[in-house]
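# Results of the structural survey
Single-letter residue listing:
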Amino acid sequence: MPAENSDIPRIGLGTYGLTGAEGRAALSSAINLGYRHLDTAQTYGTEENVGEAVARSGLDRADFFVTTKVTASNLGRLAESVDDSLETMQLDYADLVLIHWPAPHDDPPVSAYIGALARVQDEGKTRLIGVSNFTRRHIDEAVAEIGEGRLATNQFEQHVFLQNRVLAAHCRERGIAVTAYMPLAGGRLGDDSVIGAVASKHGATASQVALAYLLALDSIVIPKSASPERQRTNLAAGDLVLDGADMGRLAGLERGQRYINPAWGPDWY
Ligand SMILES: NC(=O)c1ccc[n+]([C@@H]2O[C@H](COP(=O)([O-])OP(=O)(O)OC[C@H]3O[C@@H](n4cnc5c(N)ncnc54)[C@H](OP(=O)(O)O)[C@@H]3O)[C@@H](O)[C@H]2O)c1
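Residues numbered from 1 in each chain as written. Predicted model: local features only at pLDDT ≥ 70, side-chain atom pairs only at ≥ 80, totals over all residues. Heavy atoms only, no water.

If you check the shell around the ligand, you find 27 residues, and the closest are Asp-39, Leu-184, Lys-224, Ser-225 and Arg-230. Gly-186 places a polar main-chain atom, nitrogen or oxygen, 2.9 Å from an oxygen atom of the ligand. Ser-207 is positioned with one of its side-chain polar atoms (N or O) 3.2 Å from a nitrogen atom of the ligand. In isolation the ligand offers 910 Å² of accessible surface; the protein chains occlude 82% of this area. When each cavity is represented as a set of grid points, the ligand is found to reside in the largest pocket. It is helix H9 (residues 228–236) that contributes the most residues to the shell around the ligand, 3 residues altogether. When its residues are assigned to classes, the shell around the ligand shows 11 nonpolar, 12 polar and 4 charged. (Near = heavy atom within 4 Å. Polar contact = N/O pair within 3.5 Å; in protein donor to acceptor, adjacent residues only side chain to side chain. Areas by Shrake-Rupley, 256 points an atom, 1.4 Å probe, with all protein chains shown as cover. 1 Å grid on protein atoms, 1.4 Å probe; cavity = no way out; pocket = protein on both sides within 12 Å on 5 of 7 lines; lining within 4 Å. Sits in = over half its atoms within 2 Å of the grid points. Helix = DSSP H or I, 4+ residues; strand = E, 2+ residues; numbered from the N terminus. Nonpolar A, V, L, I, M, F, W, Y, C, P; charged D, E, K, R; others polar.)

To continue, consider empty space enclosed by the protein. Tallied over the full model, the rule gives 2 cavities of 30 Å³ or more. In this structure, the largest cavity encloses a volume near 50 Å³. What lines the largest cavity is Thr-135, Arg-136, Asn-164, Leu-167, Arg-258, Trp-268 and Tyr-269. Split into classes, the residues belonging to the lining of the largest cavity amount to 3 nonpolar, 2 polar and 2 charged. Here the second largest cavity defines a volume of roughly 30 Å³. Taken together, His-37, Asp-39, Thr-67, Leu-96, Leu-98, Thr-153, Gln-155 and Thr-179 make up the lining of the second largest cavity. When contributions to the lining of the second largest cavity are tallied by element, the ones reaching two or more residues are strand E2 (37–39), strand E4 (94–99) and strand E6 (151–157). Across the lining of the second largest cavity, the residue classes break down as 2 nonpolar, 5 polar and 1 charged. (Points joined across faces, edges and corners; volume = space filled by probe spheres on them.)

Laid out in C-alpha cells, this is it:
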C-alpha cells in the first residue's frame, strides 16, 4: 500500500473528453496497448469509464495507477467527495488524489483543506496525494501545513510552448514530481519547424518529440488520445532518446503560451 512518487508510471492516459461509448473504447484500447496510468477527475465525467475499464481489463487492480481530482466545490466535503469518486469508479482505493485547483480567490485558503487530503491518505483511500494548478506560493502553504514528503506531485500545464521551469524547479527541490498536463499543447504542435526537424532526425512524430522532451526533463506526461494509433505512438515516445542539441533546440520553443487560464484561476507568476 505505501507508495512513492517514483511509483507513478511516467506516461499516463489523459481522459478528458473520453466519455460515453467512444471513451470506453478508447480506454480499452489504451489498456490493451499497455497504458496503466489513467488520469481522471470528478469534473471530467470519466470516472465511471475509468473504473469500468479497470474492471473489464482482466488485470489486477494493483497493476493500475488511477488518479482522480477533487473539484473546488467539493473542498468543504473533501473526504465525502473522495468516497463518491471511489463509489463511481467502483474502486476500493485510488492511487493518487489531487486537489484539482486551489480554491478560487484562495477562499478558503490551502490551509483549510489540505489537511483533509492528508487524512484521506492516512485512511488508506488513496496511496498518494498531490495537487494541481498550484503556484509556488500554494505549494509552500501546503507544505507548511502538512509537512515535506507528503505531496507526490503537482500537475500543471507544461509543454514545449509553456515550459514552466521556475515552478518545476520549485516542486522538484521539495521532492514533488512534476506531472505535465496538456503535454501535446492540446494537439496544437502544428507544423513547428524545430519540432519537425528533430522528429525527422529521429524518424519520430512531432508528438513523440514533444513527449520525449518532457520525459527528459523528468516530468510525468499524460497525453490524451481517443485514437488507438496515436495512443500507441504516444506510449512509444518513452523509447525516444533526445541528445543535447535536440534538448537545446526544444528549450528554445518556450514562449509562455498558456492555454488553460480560467478567470477564477490563480495568479500565475
Ligand atoms: N489538472 C488540470 O487542470 C488539467 C487540465 C487539462 C488537462 N488535464 C489532463 O491532461 C490530459 C491531457 O491534456 P489535454 O487532453 O488537454 O491535451 P493533450 O494531451 O496535450 O492533447 C490532446 C489532443 O491532442 C490530440 N492528439 C493526441 N495524440 C496525438 C498525436 N500523437 N498526434 C496528433 N494529435 C494527437 C488529441 O486528439 P485525438 O484524441 O483525436 O488523438 C487531442 O485533441 C487531459 O486529458 C487531462 O487528463 C488536466
